[in-house]
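Listed here are the chains, written in short residue letters.
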Amino acid sequence: MESNSAPVIIGSDHAAFSLKETLKHYVEQKNIAVTDVGPHSADAVDYPDYAFLVAGAVSSGKYERGILLCGTGLGMSMAANKFPHVRAALCNDLFSAIMSRRHNNANILVMGGRVIGDVLAKEIVSAWMETPFEGGRHQRRIDKFDDMGCPLNGLNII
Ligand code: RB5
């Protein structure tokens with residue numbers, strides 16, 4: 001399998017602080033640089049603040065890949081996907097993680113620290129980082145939504 005060793009940017013909220021710490025060290029053990037945008041304690045925070053830091057860095061092209069974690073993964077994925085060129089995939093199972101790379105070229109992996117355990121999360125991170133994008137017809141489909149300033153542009157809203 002192809003291995004992507006590009007630096008990763010990671011962030012969470014309080015609900016997944018412990019998982020973030022675990023995954024940060026896990027990725028570093030693969031000799032991949034990790035930038036941790038926080039939080040740096042388990043005190044309560046607002047997940048959009050951290051979603052914006054990671055998604056902004058991926059959207060701008062400064063980082064190729066990011067990881068976001070919250071309680072369910074839902075809030076982080078909703079907030080991150082507001083950014084152009086961000087394809088944040090909520091993957092609390094291995095199959096979704098692999099397919100998010102093969103078909104969607106996901107550039108942010110999102111997981112829920114209150115949904116899955118550390119061992120599964122590590123397996124998902126490994127599979128996600130090692131699975132290449134298949135391109136072809138999948139690129140054509142991504143091109144249809146990847147660079148839209150606003151998803152409502154050009155659509156007939158009933
Ligand atoms: C925090 O309580 C929780 O709402 C957050 O971690 C996340 O699950 C939101 O989608």
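The next thing to look at is the overall build of the chain. A tally of regular secondary structure across the chain gives six helices and five strands. Starting at the N terminus and walking to the C terminus, you meet the elements of the chain as β-α-β-α-β-α-β-α-β-α-α. Principal-axis analysis of the C-alpha atoms gives the chain an extent of 45 × 35 × 25 Å. Put simply, of all contacts in the chain between residues at least 6 apart along the chain, 70% involve residues at least 24 apart.

Next up on the list: the sheet that holds strand β3 (residues 65-70). One open sheet holds the five strands; their spatial order is β2-β1-β3-β5-β4, and the pairing between them is parallel. Two strands bound the open sheet, and with one partner strand each, they are β2 (34-36) and β4 (88-90). Neighbour-to-neighbour, the strand axes of the sheet open up by a mean angle of 20°, direction not taken into account. Relative to strand β5 (residues 108-112), β3 is paired through five bridges, and the arrangement is parallel. Across the sheet, the residue bridging to isoleucine 67 is leucine 109, located in β5.

Every residue near the ligand is listed here: Asp13, His14, Ala15, Tyr47, Cys70, Gly71, Thr72, Leu74, Gly75 and Arg114. Separating an oxygen atom of the ligand from a side-chain N or O atom of arginine 114 is a distance of 3.3 Å. Considering the ligand on its own, with 290 Å² of exposed area, one finds that the protein chains cover 71% of that surface. In terms of residue class, the shell around the ligand is made up of four nonpolar, four polar and two charged.

Parameters and conventions
- Residues numbered from 1 in each chain as written.
- Predicted model: local features only at pLDDT ≥ 70, side-chain atom pairs only at ≥ 80, totals over all residues.
- Heavy atoms only, no water.
- Helix = DSSP H or I, 4+ residues; strand = E, 2+ residues; numbered from the N terminus.
- Contact = heavy atoms within 4.5 Å.
- Pairing = 2+ DSSP bridges.
- Axes fitted to C-alpha atoms, helices over the stretch in contact; angles between N-to-C directions.
- Near = heavy atom within 4 Å.
- Polar contact = N/O pair within 3.5 Å; in protein donor to acceptor, adjacent residues only side chain to side chain.
- Areas by Shrake-Rupley, 256 points an atom, 1.4 Å probe, with all protein chains shown as cover.
- Nonpolar A, V, L, I, M, F, W, Y, C, P; charged D, E, K, R; others polar.

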